[in-house]
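Next come the chains, spelled out residue by residue.
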Amino acid sequence: MAALRWVVAVVASVAAFFAVAVPWSVLSSDGPDPWEVIGPVAGVVAAGVLVALGWWASQTGTPAGGRVQNALDLRERVLADRQRILGDDHPDTISAGHNLAVSYSEAGRVQDALDLRERVLADYVRILGDDHPDTISARHNLANSYSEAGRVQDALDLRERVLADYVRILGDDHRDTLRSRNNLAVSYSDAGRVQEALNLGERVLADYARILGDDHRDTLDARNNLANSYSEAGRVQEALNLGERVLADYARILGDDHPDTLRSRNNLAVSYSAAGRVQDALDLRERVLADRQRILGPGHPDTLSARRNLAHARDVAAAVQQSDTATPITDPAHQHPSEPPDQPE
């Protein structure tokens, strides 16, 4: 099946080349456009078709980690081709840079994604101006990279600016405004501004549910973030109840192996641990690690994080077991090990 899909992708890209080149060359037979112009431009169109259909072809018979690398390789090639043929400042070239940054982020190459997004934003500001939708979107994406890189204040500052821009240009209920407000709530949480994160998260979830419905992907993400905020505010049972609902929704709508489902499962393990349900947390940690190793590969940052979290969960479970059988006065194992960072994602 995968081989057949790749044949379809290649044939479609060749067809796209001729669909552009042949009519153009006929219409320009007495005009100013030589084949030296027509051919490269048609080649860029064909390459874009190949990238899109190549991604579709790679969805069959390849683990998720391999699909991410396939997309990354194709996008690096497209960016190089567009830089060579169209130049650095062409909108299609800048768009290809944006797409490549997405692949870098998905592959866990955080710094590469950040560097490329800073360049994309600078290009958009210079060419399109501060208020162009593509510029604001690029600023939004750069804030996400700052967040992934642990640059909490940089992410927060940029997200406050992006939200103000979206509200001013698009209005309060536009989908991009809602998404920006949701991300700002995450930044408030990362910065320890727990009550602000909680207040904004509740507003965002209500807006998403009202405008997009309960099962929309953005609504699920907002519900996941609000569960995290409840956890950080010490509202353990509310975090657990909402986390169980979010996980069930992600699994039903996106499937068991989707990255957001895996992330939600990790977050529910955090809530189980906070509620003292040590064995439930341990069982869920073991599943998260197994799933991430299978889907993302052993070296992906999310897999490494899951391995650390599982090691900690085992330490806690062992300490609890020892404390249940030891005399509290004499057994030092009655004290639980100090907890490493074990936060919702």
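Preceding this section is the structure that the text describes.
If you're wondering where the values come from, they're calculated on a predicted model, not measured in any experiment.

**Q** Whenever I open this one, the packing of helix α9 (residues 194–211) against helix α10 (residues 217–232) confuses me. Can you help?
**A** Helices that pack against each other are described as a pair by the angle of their axes relative to one another and the distance between those axes. One way to put it is that α9 packs onto α10 with a least axis distance of 9 Å and a crossing angle of 155 degrees. Between α9 and α10, the angle is such that the two are roughly antiparallel. When you trace α9 past α10, the crossing you get is left-handed. The residues of α10 that touch α9, namely those facing Val194, Ala197, Leu198, Gly201, Glu202, Val204, Leu205, Tyr208 and Ala209, are Asp218, Thr219, Ala222, Arg223, Leu226, Ser229, Tyr230 and Glu232.

**Q** I tried to follow helix α5 (residues 110–128) on my own but got confused; where do I start?
**A** Three or four residues apart is the spacing at which side chains of an α-helix point the same way, because the helix has 3.6 residues per turn. With 19 residues, α5 should cover 27 Å at 1.5 Å per step; its first-to-last C-alpha distance of 26 Å lies within 8% of that length. Residues Ala113, Leu114, Leu116, Arg117, Val120, Leu121, Asp123 and Tyr124 constitute the buried set of α5. Packed against the buried residues of α5 are α4 (91–106) and α6 (133–148).

**Q** I keep staring at the pattern of salt bridges and nothing clicks. Help me out?
**A** Close approach of charged atoms allows side chains of opposite charge to pair. Within this structure, the stated rule accounts for 39 salt bridges. The salt bridge partner of Asp89 is Arg126, with a shortest N-O separation of 2.8 Å. Separated by 37 residues along the polypeptide, Asp89 in the loop between α3 (64–85) and α4 and Arg126 in helix α5 bring together distant segments of the chain. The class for Asp89 is partly exposed, based on a relative accessible area of 39%. Here Arg175 and Asp218 are joined by a salt bridge, their closest N and O atoms 2.8 Å apart. With a gap of 43 residues between them, Arg175 in helix α8 (residues 175–190) and Asp218 in helix α10 connect regions that are remote in the sequence. The network of salt bridges with common partners includes Asp130, Asp131, Arg139, Arg161, Asp165 and Arg168.

What counts and what doesn't
- Sequence order as written defines the numbering, with residues in each chain counted from 1.
- In keeping with the model being predicted, local features are shown solely for residues with a pLDDT of at least 70 and side-chain atom pairs are shown and tallied solely at 80 or more, while totals for entire chains, interfaces and linings include all residues.
- Hydrogens and waters are ignored; side-chain quantities use all the structure's heavy atoms.
- Fitting a line to C-alpha atoms yields each axis, with helices limited to the stretch in contact; the angle taken between N-to-C directions then spans 0 to 180 degrees.
- Under the scheme used here, helices are H or I runs from DSSP no shorter than 4 residues and strands are E runs no shorter than 2 residues, and both carry numbers assigned from the N terminus.
- Under this scheme an angle from 65 to 115 degrees is roughly perpendicular, one under 35 degrees roughly parallel, and one over 145 degrees roughly antiparallel; angles in between are oblique.
- By definition, any crossing whose near helix is turned counterclockwise from its far helix by less than a right angle is left-handed, and any crossing with a clockwise turn is right-handed.
- Note on contacts: a residue pair is in contact if any heavy atoms of the two residues lie within 4.5 Å.
- Under the convention used throughout, the expected extent of a helix is 1.5 Å for every residue step, that is, one less than its residue count.
- Burial classes: relative accessible area under 20% of the type maximum marks a residue as buried, over 50% as exposed, and values in between as partly exposed (1.4 Å probe, protein chains only).
- A side-chain nitrogen of Lys or Arg and a carboxyl oxygen of Asp or Glu constitute a salt bridge if their distance falls within 4 Å.

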